[in-house]
Amino acid sequence: CELKRATEEKVEAVAKANSLQNSFAQLLGKNTSLLEDDEIALSKANNASLKANNASLKAILRHYNDEIALLKATLKNSKPIDAVDLTKSETGLNCNDNPADHTGKVESVPKSNLAIQLEQNQAMVQVKREKKDTESALENVRDDLDISNDTLTQLTVFLDFWQSKFDELASLAAAGGVDGSKISIIRRRLFPSRP
């Protein structure tokens, strides 16, 4: 009898273990399915992100290619650069000459085309910097104007809202028997000015 009871207990334990194993397998299957769904969603999100990055990089590449083409066209239309003799200083003396050896006469050498072009380029760079600063300041002013317009719109809507509330309250007060002269006094009251 004890052997039979021990056998029945073991059979029940094996049945419970099989049941737990089946439950575990079902949970594992569900989790695997959820994991696969997450991996698919993540893959789609990564693909979309990569496509957006690719489009952005293509736009940047087109921009730089346009700039290169513009620079090449500008280079074709530019003046050739004259050669400059670097062995002479602006006084007309050779770099190795001693100024005391000369009789006191110093040749006046006009500026080279390269020096003139350098000055013009420096002036152009300065103008471009000022233009960029001005455009930046203008953009800031535009942003401030947009913010001011948005604020004004919000205040107008808010004021209209409160005005309709006050009109409604005045109508209710008049219907409730409040003296009309008191309502008129409240309506005509001016906004106090600040000191």
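Worth saying up front: this structure is predicted, and the values here are computed from it rather than measured.

**Comments concerning the overall build of the chain**
When helices and strands are counted, the chain shows 3 helices and 0 strands. Looking at the chain as a whole, 2% of its 195 residues are labelled buried. Carbon and sulfur atoms provide 60% of the accessible area of the chain, an area that totals close to 18,300 Å².

**Describing the pattern of salt bridges**
This model, assessed by the stated rule, comprises 2 salt bridges. Notably, a salt bridge pairs Lys131 with Glu135, separated by 3.8 Å at the nearest N-O pair. Of this pair, Lys131 and Glu135 both sit in helix 2 (residues 113-175), 4 residues apart, roughly one helical turn. Given the relative accessible area of 51%, Lys131 is considered exposed.

**Describing the packing of aromatic side chains**
Under the criterion given, the structure shown has 3 aromatic pairs. Arranged with centres 6.0 Å apart and planes meeting at 70°, the rings of Phe158 and Trp162 form a pair that is edge-to-face. With Phe158 and Trp162 both in helix 2 and 4 residues apart, the pair spans about one turn of that helix. Its relative accessible area of 36% is what places Trp162 among the partly exposed residues. Each ring, one from Trp162 and one from Phe166, has its centre 5.8 Å from the other, and the planes form 35°; the classification is tilted. Separated by 4 residues within a single helix, Trp162 and Phe166 lie in helix 2, roughly one turn from each other. Members of the aromatic cluster, each reached through a chain of ring pairs, are Phe158, Phe161, Trp162 and Phe166.

**Regarding a negative patch on the surface**
The grouping of Glu139, Asp143, Asp144, Asp146 and Asp150 at the surface amounts to a negative patch. Looking at the element boundaries, Glu139 is found in helix 2.

**Quick word on helix 2**
Spanning 63 residues, helix 2 covers 91 Å between terminal C-alpha atoms, matching the ideal 93 Å at 1.5 Å per step. Residue Gly177 follows helix 2 closely and has a positive phi angle near 95°.

**Overview of the confidence of the model for the chain**
When pLDDT is averaged along the chain, the result is 76, and 67% of the positions lie at 70 or above. Helix 1 (residues 2-77) is the least confidently modelled element of the chain, averaging 71 in pLDDT, while helix 2 averages 90, the highest of any element.

Here is what the cut-offs are and how they apply
- Residue numbers run consecutively from 1 along every chain, following the written order of its sequence.
- This being a predicted model, a pLDDT of at least 70 is required before a residue's local features are given, and a value of 80 or more before pairs of side-chain atoms are given or counted; all residues contribute to the totals for chains, interfaces and linings.
- Hydrogens and waters are ignored; side-chain quantities use all the structure's heavy atoms.
- Per the convention used, a helix needs a DSSP run of H or I reaching at least four residues, while a strand needs a run of E reaching at least two, with both numbered from the N terminus.
- Under the scheme applied here, a residue whose accessible area is under 20% of the maximum for its type counts as buried, over 50% as exposed, and between as partly exposed, the area being computed with a 1.4 Å probe on protein chains only.
- Surface accessibility follows the Shrake-Rupley procedure with a 1.4 Å probe radius. Residue values consider only the protein chains on display as shielding.
- In what follows, salt bridge is the name for a side-chain nitrogen of Lys or Arg lying within 4 Å of a carboxyl oxygen of Asp or Glu.
- Any pair of Phe, Tyr and Trp rings, taking the six-membered ring for Trp, is counted once the centres come within 6.5 Å. Such a pair is stacked with planes under 30 degrees apart, edge-to-face with planes over 60 apart, and tilted for the rest.
- Each patch is built from salt-bridge-free residues with over 30% relative accessible area, joining like charges within 9 Å and nonpolar side chains (Val, Leu, Ile, Met, Phe, Trp, Tyr) within 5 Å.
- A residue counts as positive if it is Lys or Arg and as negative if it is Asp or Glu; His and the chain ends are not included.
- Charged groups are reduced to one reference atom each: NZ for lysine, CZ for arginine, CG for aspartic acid, CD for glutamic acid.
- Expected span, for any helix, means 1.5 Å times one less than how many residues it has.
- The predictor reports its confidence for every residue as pLDDT, a score running from 0 up to 100.

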